[in-house]
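Fold and contact review
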Amino acid sequence: MPRSTSWTDDRIEILTQLWRDGRSASAIARELGGVTRNAVIGKVHRLGLSGRATPARPGTRRPRAPKAERPAARSRRMPVAKPWPVVVEPVPLAGTSDVASIGPHMCRWPIGDPRADSFALCGRAAVRGAYCAPHGAIAYRPTAPDHLLRLAGLR
DNA sequence: CCCTGATTCGC
DNA sequence: GCGAATCAGG
């Protein structure tokens, strides 16, 4: 028994039969064992078995470029779905008002842990709804364009 | 990414 | 003759 798998007559016959059956090269290689699909394809060609009954060979093989590396085709396309800009403004580190002293036109943005004594509300002039400009920028984030929300199943 | 066969060429 | 590497595609 040959320890290196070789193309013995019987293996060639199996190969021929399976190939005519339309089995793929890799399937044949697995069936035979000890050979790769490349080996099978190579043998098929050497045997002159290549074109099958109805091969349907659309593309003709390229003569193989001498040695050039592929230029990695540049495609110009629109930049896709960059995150829309989120404005980050400086935010006051500490609040100046507590819930009792907060007025109607003062920023109600909570600062700190509500359970802590240091808890406060921002208290700056409210210019966007209940909040000052920087807190309003956080509270009223721009939403995604409608079509994107639809794509995401959020509408 | 998986897969297909085709081709080249050093061994 | 052999088949890995590499190719063009599906």
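Further up the page is the structure itself.
These notes cover the structure that comes with them. (Residues numbered from 1 in each chain as written. Chains lettered and ligands numbered in written order. Predicted model: local features only at pLDDT ≥ 70, side-chain atom pairs only at ≥ 80, totals over all residues. Heavy atoms only, no water.)

Looking only at helices and strands, chain A has five helices and two strands in total. In chain A, the proportion of contacts linking residues at least 24 apart, taken out of those at least 6 apart, comes to 43%. Of the roughly 12500 Å² of accessible surface on chain A, a fraction of 56% belongs to carbon and sulfur atoms. (Helix = DSSP H or I, 4+ residues; strand = E, 2+ residues; numbered from the N terminus. Contact = heavy atoms within 4.5 Å. Areas by Shrake-Rupley, 256 points an atom, 1.4 Å probe, with all protein chains shown as cover.)

With that settled, the discussion passes to the packing of helix α2 (residues 25–32) against helix α3 (residues 37–46). The description of two packed helices rests on the angle between their axes and on the distance between the axes. As a packed pair, α2 and α3 sit with axes 8 Å apart at the nearest point and diverge in direction by 105°. One way to sum up the angle between α2 and α3 is to call them roughly perpendicular. Between α2 and α3, the residues in contact are Ala25, Ser26, Ile28 and Ala29 and Arg37, Val40 and Ile41, respectively. Classifying every residue of the contact of α2 with α3 by side-chain character gives five nonpolar, one polar and one charged. (Axes fitted to C-alpha atoms, helices over the stretch in contact; angles between N-to-C directions. Parallel < 35°, antiparallel > 145°, perpendicular 65-115°, else oblique. Nonpolar A, V, L, I, M, F, W, Y, C, P; charged D, E, K, R; others polar.)

Moving on: the pattern of salt bridges. Across all of its chains, the model carries two salt bridges by this definition. With a shortest N-O distance of 3.3 Å, Arg23 and Glu31 are connected by a salt bridge. Here Arg115 ties to Asp113 by a salt bridge, and the two come within 3.2 Å at their closest N and O atoms. Given the relative accessible area of 75%, Arg115 is considered exposed. (Salt bridge = Lys/Arg side-chain N within 4 Å of Asp/Glu carboxyl O. Buried < 20%, exposed > 50% of the residue type's maximum accessible area, 1.4 Å probe, protein only.)

One finds Leu15, Leu18, Trp19, Ala25, Ile28, Ala29, Leu32, Val35, Val40, Val44 and Leu49 forming the largest nonpolar core, which totals eleven residues. Counting residues per element, this core draws most heavily on α2, which supplies four residues. (Core = buried A, V, L, I, M, F, W, Y, C linked by side-chain atoms within 4.5 Å.)

What follows is about the packing of helix α1 (residues 9–20) against α2. Interhelical geometry of α1 versus α2 gives an angle of 145° and a closest axis separation of 10 Å. Where α1 crosses over α2, the two elements pack in a sense that is right-handed. For the pair α1 and α2, contact is made by Arg11, Ile14, Leu15, Leu18 and Trp19 and by Ala25, Ile28, Glu31 and Leu32, respectively. Of the residues belonging to the contact of α1 with α2, the class tally is seven nonpolar, no polar and two charged. (Left-handed = near helix turned anticlockwise from the far one by under 90°.)

Here the focus is the side chain of Thr16. Tracing the sequence through the fold places Thr16 in helix α1. In this structure Thr16 touches Leu47 and Leu49, once residues within four positions along its chain are discounted.

For the rest of this paragraph, the subject is the state of the cysteines. All chains considered together, the criterion is met by zero disulfides. In this structure Cys132 is not part of a disulfide, and its nearest cysteine sulfur, from Cys107, lies 3.7 Å away. (Disulfide = S-S within 2.5 Å.)

Assignment of secondary structure puts Tyr140 in the loop between α4 (133–139) and α5 (146–151). For the pair formed by Tyr140 and Arg128, sequence separation is twelve residues and the distance between their alpha carbons is 8.6 Å.

Further remarks concern α3. What α3 keeps buried is the set Val40, Lys43 and Val44. Buried residues of α3 fall within an arc of 105° about the axis and therefore sit on the same side. Residues of α3 that are exposed and angled more than 90 degrees away from the buried face: Asn38, His45 and Arg46. Structurally, α3 contributes buried residues whose contacts are with α1 and α2. (Arc of directions from axis to C-beta.)

Residue placement: Phe119 occurs in the loop between β1 (110–111) and β2 (120–121). Residues Phe119 and Thr96, 23 residues apart in the sequence, show an inter-C-alpha distance of 9.5 Å. If sequence neighbours within four positions are ignored, Phe119 has contacts with Pro110, Ile111, Gly112, Asp113 and Pro114.

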